[in-house]
Amino acid sequence: MMASTVLITGASSGFGKDAVRLFQKNGWNVIASMRSPEKEAELGKLDNVALVRLDVTDSASIQNAVAEGIARFGSIDALVNNAGFGSLGVLEAAPTDVVRQQFDVNVFGVIEVIKAVLPQMRRQKSGVIVNVASMGGRIAFPFSTLYHATKYAVEGLSESLQFELEPLGIKVKIVEPGGYKTDFAGRSLATFGAGDLLDYKPAYDVFASKVDTWPMSERVWEVAEAIFEAASDGSEQLRYPVGADAVQLLQARKEMDDLAIKNLIASHI
Ligand code: NAP
């Protein structure tokens, strides 16, 4: 039987890199896409892994990566939209380029990559699209407005998309990680704080003093496992929360009203 093929975005680090290793270990062909494949020393040495350049904000690179992957492996059975970028700070102080980048990467990039793989999945009459959102796609913390706006957008997009793709044999899945100690805070986070807006500064400073002490799980591989499960379990399950914090908070979100959940979050910040 022919091996299945997955295209993963943001495969240079974190969940994306672990997912490349896990799919490969399980016998899949992997199109490991990233902005700078020339910097990647390890993944290219694995059998049946094709390193391709794909910047989700660069349309030509998306088209080329999809074409290259299909030429090499003959199909795309799963797409993992993992590439992501975060931002932290007061909305009023957010630089316009950060606002745009936040949506360009986390929303418009996801849409463009999905549109690029769909012709192949429609030809195959099968496929799974796994969108890596966040527990922050269904619950919101302070000073992260832009990031939450994009992850809520990915949730809504995915939930609606499943209706039009199901009759074509294509499934849509959402993976919702809690807090994990990847390199996200180091390489993928724009922090603009309160800028020079003194009205916000006391509250932002309290938040900033606590944010580094938030418990983040070191069990990063759990997210790759959830991505793999979503891509391969054949089920109709839409959402895959991962991590104790995500499971607990999303359960609370189901059981509590808006005011109660706001007070719960505020009591932890
Ligand atoms: P990470 O290690 O920083 O990975 C982010 C990846 O996205 C990097 O490979 C980065 O590539 C890539 N990327 C950024 N902009 C891109 C672009 N324009 N085109 C292509 N790739 C781009 O962080 P991570 O924690 O694994 O994050 C992966 C996903 O999980 C993100 O969508 C994030 O929002 C989500 N998430 C993370 C957490 C967490 O606690 N870590 C929780 C919930 C959800 P470069 O190497 O080129 O920068």
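Before going into details, it helps to say that this report is about the structure given with it. Just so it is clear, the model here is predicted, and its values are computed rather than measured.

**Quick word on the packing of aromatic side chains**
Summed over the entire model, instances satisfying the criterion amount to ten aromatic pairs. A ring pair is formed by Phe 15 and Tyr 180, whose centres lie 5.8 Å apart and whose planes are at 85 degrees; its orientation type is edge-to-face. On the criterion of sequence distance, the pair formed by Phe 15 in helix H1 (residues 14-25) and Tyr 180 in the loop between strand E7 (170-177) and helix H5 (184-187) is long-range, its members being 165 residues apart. Centre to centre, the rings of Phe 143 and Phe 207 are 5.1 Å apart; their planes meet at 55 degrees, and the pair counts as tilted. Here Phe 143 is found in the loop between strand E6 (127-132) and helix H4 (145-165), whereas its partner Phe 207 is found in helix H6 (residues 201-211), with 64 residues between them in sequence. Of the two residues examined, Phe 143 and Phe 207, each falls in the buried class. Members of the aromatic cluster, joined through ring pairs, are Phe 141, Phe 143, Tyr 204, Phe 207 and Trp 214.

**Concerning the site of the ligand**
In the region of the ligand, 29 residues are neighbours, and Ser 12, Ser 13, Thr 182, Arg 187 and Ser 188 sit closest. Within the side chain of Tyr 147, a nitrogen or oxygen atom sits 2.7 Å from an oxygen atom of the ligand. One of the side-chain N or O atoms of Lys 151 is found 3.0 Å from an oxygen atom in the ligand. Contact with the protein chains covers 94% of the free accessible surface of the ligand, which is 890 Å². Listing elements by their share of the shell around the ligand, those giving two or more residues are H1, H4 and H5. Of the residues belonging to the shell around the ligand, the class tally is twelve nonpolar, twelve polar and five charged.

**Structural notes on the layout of surface pockets**
The computed volume of the second largest pocket comes to approximately 190 Å³. Around the second largest pocket sit Gln 162, Phe 163, Glu 166, Gly 169, Ile 170, Lys 171, Val 172, Lys 173, Ser 235, Glu 236, Gln 237 and Leu 238, which together line it. Mapped onto the lining of the second largest pocket, the elements with two or more residues apiece are H4 and E7.

Calculation notes
- Residues numbered from 1 in each chain as written.
- Predicted model: local features only at pLDDT ≥ 70, side-chain atom pairs only at ≥ 80, totals over all residues.
- Heavy atoms only, no water.
- Phe/Tyr/Trp six-rings, centres within 6.5 Å; stacked < 30°, edge-to-face > 60°.
- Helix = DSSP H or I, 4+ residues; strand = E, 2+ residues; numbered from the N terminus.
- Buried < 20%, exposed > 50% of the residue type's maximum accessible area, 1.4 Å probe, protein only.
- Near = heavy atom within 4 Å.
- Polar contact = N/O pair within 3.5 Å; in protein donor to acceptor, adjacent residues only side chain to side chain.
- Areas by Shrake-Rupley, 256 points an atom, 1.4 Å probe, with all protein chains shown as cover.
- Nonpolar A, V, L, I, M, F, W, Y, C, P; charged D, E, K, R; others polar.
- 1 Å grid on protein atoms, 1.4 Å probe; cavity = no way out; pocket = protein on both sides within 12 Å on 5 of 7 lines; lining within 4 Å.
- Points joined across faces, edges and corners; volume = space filled by probe spheres on them.

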